[in-house]
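# Coordinates in review
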Amino acid sequence: MSEQVNLNATNREEEGKSSSRQLRRMGSVPAVIYGGDKDPIRISILEKDIAKASEIPGFATQILNINISGDEQNVIVKEIQRHPATQRVLHADLQRVNPDTKISISVPVRFLNEDNCMGVKMHGGAISRLINDIDISCLASNLPEYLEVDVAELDVGDSIFLSALNLPEGVEIPSLALGDDRDQAVVSVTEAKVLEVEPEIIETEEDGESSEDEDAAESTDGQEEPDE
């Protein structure tokens, strides 16, 4: 687990697009904290601080500590909005949590031993990553940064499904409770595709001349013989 991220924030009273644009021009990002037994509050965080924090591995899947003028609140990231061209952080939605809060969140999958996968090394197969993020449910105190999937023993034709994952203590995959048809393959090893390329046929001069002679012959055959 990574070291907890701490961010300083300031309460903001004004809302609306014009207020948010003004904040961004001043180098801050508007954000909202909601959830728990408290009312939602509007805050602002320095853009440089949240941009730096978002580069930390596991930022989106760990509990963050937000300090608002001495009032500390534990939150998780529910959504980060970014500019489509520059990727600058534009807005953040944060949800309050405490260690006994049960939360639902999407966490990334980390694939282990891809270089040592039996189906790849022994039989020339190829690894197909089918799911890169998985929706889980757990207490905030049990929140994992990622789920590990070991592919070392997979052979060609083998797959690992959601139901076969080794989940950390207290972590569940809610979709599996909806029926067997929701059990999806996370990764599989398939036969490597071999592309068959047809050899290029190069026409020689003789072939070209022969073709022209045949065309001429066909043209002559199509003409009526003159009356004698």
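A short tour of the structure in this document, coming up. (Residues numbered from 1 in each chain as written. Predicted model: local features only at pLDDT ≥ 70, side-chain atom pairs only at ≥ 80, totals over all residues. Heavy atoms only, no water.)

### Describing helix α1 (residues 17-25)
Count 3.6 residues to each turn of an α-helix, and residues three or four apart come out pointing the same way. Taken together, the buried positions of α1 are occupied by Ser-19, Ser-20 and Leu-23. The buried residues of α1 occupy one face: seen down the axis, they fall within an arc of 100°. Projecting away from the buried face of α1 at angles above 90 degrees are the exposed residues Lys-17 and Arg-25. Positive backbone phi, at 90°, marks Gly-27, one or two positions downstream of α1. (Buried < 20%, exposed > 50% of the residue type's maximum accessible area, 1.4 Å probe, protein only. Helix = DSSP H or I, 4+ residues; strand = E, 2+ residues; numbered from the N terminus. Arc of directions from axis to C-beta.)

### Some remarks on the pattern of salt bridges
All told, the structure shown has four salt bridges when counted by the stated rule. As a salt-bridge pair, Glu-47 and Arg-88 come within 2.8 Å of each other at their nearest N and O atoms. Residue Glu-47 is found in helix α2 (residues 47-54), and its partner Arg-88 is found in the loop between β5 (71-82) and β6 (89-96); the two are separated by 41 residues along the sequence. Residue Arg-88 is classed as partly exposed on the basis of its relative accessible area, which comes to 40%. For Lys-48, the salt bridge goes to Asp-49, with nearest N and O atoms at 3.3 Å. (Salt bridge = Lys/Arg side-chain N within 4 Å of Asp/Glu carboxyl O.)

### Regarding the pairing of strand β10 (residues 147-150)
The alternating pattern of β10 places Leu-147 and Val-149 on a buried face and Glu-148 and Asp-150 on a face that is not buried. Taken together, the four bridges between strand β7 (residues 102-112) and β10 define a ladder with parallel strand orientation. Bridging across to β10, Leu-112 finds its partner in Asp-150. (Pairing = 2+ DSSP bridges.)

### Focus: α2
Looking at α2, one finds that the buried residues are Glu-47, Ile-50 and Ala-53. Buried residues in α2, looked at end-on, bunch into an arc of 135°, giving them a common side. Facing away from the buried surface of α2 by more than 90 degrees, the exposed residues are Lys-48 and Lys-52. As for α2, its buried residues are in contact with β1 (5-11), β2 (28-34), β3 (41-46), β5 and β6. (Contact = heavy atoms within 4.5 Å.)

### Examining the nonpolar core
Residues Ile-134, Ile-136, Leu-143, Val-149, Leu-165 and Val-186 are the most contacted members of the largest nonpolar core, which totals 26 residues. When residues in this core are grouped by element, the largest group, five residues, is from β7. When neighbours within four sequence positions are excluded, Ile-134 is seen to be in contact with Ile-105, Ser-106, Val-107, Val-109, Leu-147, Leu-162, Leu-165, Ile-173 and Val-186. By size, the runner-up hydrophobic cluster in this structure holds 19 residues, among which are Val-5, Ala-53, Phe-59 and Ile-68. (Core = buried A, V, L, I, M, F, W, Y, C linked by side-chain atoms within 4.5 Å.)

### Notes on the side chain of Asn-65
Mapped onto the fold, Asn-65 is located in strand β4 (residues 64-68). A polar contact is formed between the side chain of Asn-65 and the side chain of Asn-6, at a distance of 3.0 Å. Residues within four places of Asn-65 in sequence aside, it is in contact with Gln-4, Val-5, Asn-6, Leu-7, Glu-72, Gln-73 and Asn-74. (Polar contact = N/O pair within 3.5 Å; in protein donor to acceptor, adjacent residues only side chain to side chain.)

### Quick look at unusual backbone geometry
Its identity is not glycine, yet Gln-87 carries a phi of approximately 65°, on the positive side. Its place among the elements puts Gln-87 in the loop between β5 and β6. Assessed through its relative accessible area of 44%, Gln-87 is described here as partly exposed.

### Considering the sheet that holds β5
Taken in spatial order, the six strands close into a barrel running β1-β3-β2-β6-β5-β4, and their pairing is mixed. On average, adjacent strands in this sheet sit at an angle of 45° to one another, irrespective of strand direction. Where β4 meets β5, five bridges bridge the pair, whose relative direction is antiparallel. From the neighbouring strand, Asn-67 faces β5, where its bridge partner is Glu-72. Together, β2, β3 and β6 form the strand contacts of α1, whose direction differs from that of β2 by roughly 125°. (Axes fitted to C-alpha atoms, helices over the stretch in contact; angles between N-to-C directions.)

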